[in-house]
Amino acid sequence: MDGEKPRGSNQRLRLALAAALVVLVLAVGVYTRLQEGPYGGWEAETAYAPQVGEPNYDDIWLLARMVASEARGEPYEGQVAVAAVIVNRVRNPRFPGTVAGVLFEPWAFEPVLNGTFWSAHVTEEHIRAAEQALNGWDPSYGSLFFWNPGTATSPWIWTRRIITRIGGHVFGL
Amino acid sequence: MVNVRRYVALGLTLLLLVGGGWWLWQNQRRARATEYALEASYQRAFFDLMKNMEDLNTLLGKSLASGSSGQRIMFLTSVWHEAENARSNLGNMPVGMVNMMRSQQYLAQLGDYCYILAEKQARGLELEAEEWQQLAQLHEQTREIYAGLREIMSGMGEKGFQWRSFASLQRNKKLTPQAQSIADGFGKLDERLRDQAPTLTYDGPFSDHVEEQEPKGLTGERISEAEAREIALDFLGLAGEAGYKIGEVGKTRGRIPAYSITIEREGEDRGKFAIDVSQQGGHVVWMLNSRLPRESNISLTEALARAEAFLAERGLAKMVPTGTIREGNRLSVSFAAQEDGIIIYPDLVKVTVALDDGEIIAYDALGFLMAHHQRDLPEPKLTPEEAEKKVARQMEVQRTRLAVIPMSNLEEKLCYEVRGKVNGDSYLVYINAVTGDEEKILQLVETEAGTRTM
């Protein structure tokens with residue numbers, strides 16, 4: 001009789017601990033999910049709220065995401081150049097006439113194909129680089145293509161005229 | 001006991017199998033639903049593209065057949081719309097394995113060209129023989145493209161073709177014979193255009209001559225790499241100072257061939273400068289500093305003064321600020337040249353000021369170097385008062401001044417820039433100072449960042 005009482009309360013204690021653990025795990029899960037937001041931390045990272053009459057907002061959002069997924073770790077001017085290539089394509093008759101049209105053209109960009117476009121972590125630097133390109137800075141001098149010489153798989157890309165190299169990317173027409 | 005254990009093990013295995021099977025089936029179902037949704041959007045793009053091409057052919061035919069310029073203007077502007085739709089649908093097709101760039105360009109130029117022709121007739125001008133000929137040729141080509149698409153469709157067989165097999169294709173994987181013949185069909189369409197479509201030189205933004213533009217503002221002799229380095233240091237105010245590191249100098253081969261120089265200052269986090277100096281004449285083309293200012297300590301007025309002083313110190317004293325945009329702790333200012341009180345918008349220079357300490361962290365003179373030249377401006381035939389009478393009657397005019405503006409085809413026009421309000425919204429209306437034509441309207445949109453023109 002004496003031994004049973006502690007055993008019973010021990011069991012209850014264990015049960016309570018297990019329940020607490022489950023609740024904790026769930027809470028952490030829900031919390032991180034909330035933190036991430038629908039697009040992997042954009043809201044948490046910046047206070048860049050949409051503004052009325054801000055025509056470039058959507059383009060900046062998309063361009064910054066492109067910079068984050070294609071030019072992460074590149075020098076700042078290389079990030080601006082990647083965003084500028086997208087802007088150059090929008091203005092060029094050979095490509096669709098909107099930023100979204102260019103980015104989501106089937107087969108156009110690796111991050112869109114493999115999903116890293118959506119999971120990329122967008123920082124303030126990426127947003128500034130996107131803005132700089134939209135404001136007209138173009139370190140790529142009108143380039144329409146960029147590729148990584150180490151990992152580019154298409155032999156066709158090397159038939160392009162090379163304009164410049166910045167960081168790990170080659171830019172060309 | 002042994003039997004019970006065996007049953008329990010058996011039961012558990014069964015449960016796992018059933019559970020696993022159910023899970024796989026669920027996943028499969030979800031994947032298939034996604035695939036069908038994707039397929040639907042590809043099919044829509046393809047069939048809409050065919051419809052676009054048929055419509056384009058009809059509209060161009062009617063433009064040729066119409067004897068009324070009013071009707072023809074309607075047909076030609078419809079061509080412009082329909083060509084844009086066709087471009088968008090082509091851009092949504094998963095045919096990335098074949099190069100469709102000439103087709104995209106063809107559609108863009110087709111719409112652009114017809115828009116310009118419509119505009120010309122709206123101004124009361126007649127089409128010239130060459131333009132009629134060009135229209136007839138474009139008409140014939142749309143018929144051929146439409147026929148080509150129909151041929152691709154007839155090769156799909158009774159069950160049609162599942163476009164998603166293109167989209168989910170992995171690199172270097174072989175296409176099925178049917179898929180290959182469809183890819184070849186698209187490839188042939190583009191090739192035919194590459195061989196046969198005319199080079200279109202006209203007054204629109206997609207005209208071939210716009211892309212082949214040469215810089216007008218590059219003056220001076222070729223400079224050496226060492227000279228370029230000196231110019232860069234001088235430009236950044238680092239000449240004669242210590243405590244910086246210059247990286248390897250690269251060379252660019254774009255419209256303005258340049259030396260690319262990176263400069264890093266030692267010590268505290270002051271960012272890295274990237275600066276391009278033109279090989280001809282040693283002009284600074286652009287500069288970017290990677291630093292992100294963390295706070296705003298100086299006023300926007302002071303930032304603007306810093307930008308003006310920066311340009312003045314570098315021999316660009318005649319530039320006037322034409323717009324500012326604040327982004328985070330930075331202020332970007334656009335400057336245009338000024339000659340005899342006339343604003344020269346094509347001669348554009350941009351400067352970005354860090355709002356923490358007023359340092360200039362970005363500079364861009366590509367526009368200026370492409371456009372700047374000795375201009376032979378015409379004498380205005382209109383007075384400012386006459387120009388103001390040309391704007392909409394309901395516009396409340398606030399200011400009028402002379403300006404040279406770049407048109408979308410890079411042509412420059414001397415205009416009166418009339419700033420005014422209609423129903424509380426601000427606009428800039430450009431009235432040609434020689435002909436009196438209304439050339440362009442920009443709406444000024446006030447945002448928190450600054451005034452944007454649309």
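Residues numbered from 1 in each chain as written. Chains lettered and ligands numbered in written order. Predicted model: local features only at pLDDT ≥ 70, side-chain atom pairs only at ≥ 80, totals over all residues. Heavy atoms only, no water.

Undergrad: Would you mind showing me how to read the pattern of salt bridges here?
TA: Think of it this way: side chains of opposite charge can pair up when their charged atoms draw near. Taken as a whole and assessed by the stated rule, the structure comprises 32 salt bridges over all chains. Where Glu-124 of chain A meets Arg-294 of chain B, a salt bridge forms, and the shortest distance between an N and an O atom there is 3.0 Å. Of this pair, Glu-124 of chain A sits in helix H8 (residues 124-134) while Arg-294 of chain B is found in the loop between strand S5 (284-289) and helix H9 (300-313), placing the two residues in two different chains. A residue is classified by how much of its surface remains accessible, and Arg-294 of chain B, at 61% relative accessible area, is exposed. Linking Arg-44 of chain B and Asp-48 of chain B is a salt bridge whose minimum nitrogen-to-oxygen distance equals 3.4 Å. Of the two residues, Arg-44 of chain B and Asp-48 of chain B both sit in helix H1 (residues 2-65), four residues apart, roughly one turn of that helix. Residue class for Asp-48 of chain B comes out partly exposed when judged on its relative accessible area of 28%. Members of the salt-bridge network, linked through shared partners, are Glu-124, Arg-128 and Glu-131 of chain A together with Arg-294, Glu-327 and Arg-330 of chain B. (Salt bridge = Lys/Arg side-chain N within 4 Å of Asp/Glu carboxyl O. Helix = DSSP H or I, 4+ residues; strand = E, 2+ residues; numbered from the N terminus. Buried < 20%, exposed > 50% of the residue type's maximum accessible area, 1.4 Å probe, protein only.)

Undergrad: What's the story with empty space enclosed by the protein in this structure? I'm lost.
TA: The rolling of a water-molecule-sized probe over the atoms marks out the regions of remaining empty space. Residue and element names in this part refer to chain B. Per the counting criterion, the structure on display carries two cavities of 30 Å³ or more. In terms of lining, the largest cavity is formed by Leu-49, Met-53, Leu-90, Met-100, Ser-103, Leu-107, Ile-145, Leu-149, Phe-186, Leu-189, Asp-190 and Leu-193. Going through the elements one at a time, H1, helix H3 (101-122), helix H4 (129-154) and helix H6 (177-196) are the ones with two or more residues in the lining of the largest cavity. Of all the elements, H6 adds the most residues to the lining of the largest cavity, at four residues. Here the lining of the largest cavity is composed, by residue class, of ten nonpolar, one polar and one charged. For the second largest cavity, the calculated volume is near 60 Å³. What lines the second largest cavity is simply Gln-141, Glu-144, Ile-145, Leu-189, Arg-192, Leu-193 and Gln-196. Taken together, the elements giving at least two residues each to the lining of the second largest cavity come down to H4 and H6. (1 Å grid on protein atoms, 1.4 Å probe; cavity = no way out; pocket = protein on both sides within 12 Å on 5 of 7 lines; lining within 4 Å. Points joined across faces, edges and corners; volume = space filled by probe spheres on them. Nonpolar A, V, L, I, M, F, W, Y, C, P; charged D, E, K, R; others polar.)

Undergrad: Is there a simple way to explain the packing of aromatic side chains in this structure?
TA: Centre-to-centre distance and the angle between the planes together describe a pair of aromatic rings. Tallied over the entire structure, the rule returns 18 aromatic pairs over all chains. For the pair Phe-146 of chain A and Phe-171 of chain A, a centre-to-centre distance of 6.1 Å together with 40 degrees between the ring planes defines the contact as tilted. Of this pair, Phe-146 of chain A sits in strand S1 (residues 145-147) while Phe-171 of chain A is found in strand S3 (residues 169-172), placing the two residues 25 residues apart along the sequence. Taking 5.3 Å as the distance between ring centres and 75 degrees as the angle between the ring planes, the aromatic pair formed by Phe-46 of chain B and Phe-47 of chain B counts as edge-to-face. Pairwise contacts between aromatic rings join Phe-46, Phe-47, Phe-161, Trp-163 and Phe-186 of chain B into one cluster. If you follow Arg-65 of chain A out to its NZ or CZ, it ends over the ring of Trp-61 of chain A, 5.3 Å from the centre. (Phe/Tyr/Trp six-rings, centres within 6.5 Å; stacked < 30°, edge-to-face > 60°. Lys NZ or Arg CZ within 6 Å of the ring centre and 35° of its normal.)

Undergrad: How should I be thinking about the sheet that holds S3 of chain A in this particular structure?
TA: Backbone hydrogen bonds hold the strands of a sheet together, and the pairing may be parallel or antiparallel. Residues and elements named next belong to chain A. The strand order across the open sheet formed by three strands is S1-S3-S2, and the pairing between neighbours is antiparallel. The two strands at the open ends of the sheet, each matched to only one other strand, are S1 and strand S2 (162-166). Neighbour-to-neighbour, the strand axes of this sheet turn through a mean angle of 25 degrees, independent of strand direction. Along the sheet, helix H4 (residues 76-91) contacts S1, S2 and S3; its crossing angle with S3, the most-contacted strand, is approximately 30 degrees. (Pairing = 2+ DSSP bridges. Axes fitted to C-alpha atoms, helices over the stretch in contact; angles between N-to-C directions. Contact = heavy atoms within 4.5 Å.)

Undergrad: For this particular structure, what's the right way to read the interface of chain B and chain A?
TA: Interface size is often expressed as the accessible area that is lost when the parts come together. Counting residues at the interface gives 55 residues for chain B and 40 residues for chain A. The interface formed by chain B and chain A includes three salt bridges. In this structure, Arg-94 of chain A and Glu-211 of chain B form a salt bridge, with 3.1 Å as the shortest nitrogen-oxygen distance. Summed over the shared surface of chain B and chain A, the result is 16 residue pairs in polar contact (both at pLDDT 80 or more). Among the elements that line the side of chain B that touches chain A, the one with the most residues is S5 of chain B, at five residues. A breakdown of the residues in the side of chain B that touches chain A according to their chemical character gives 26 nonpolar, 15 polar and 14 charged. (Polar contact = N/O pair within 3.5 Å; in protein donor to acceptor, adjacent residues only side chain to side chain.)

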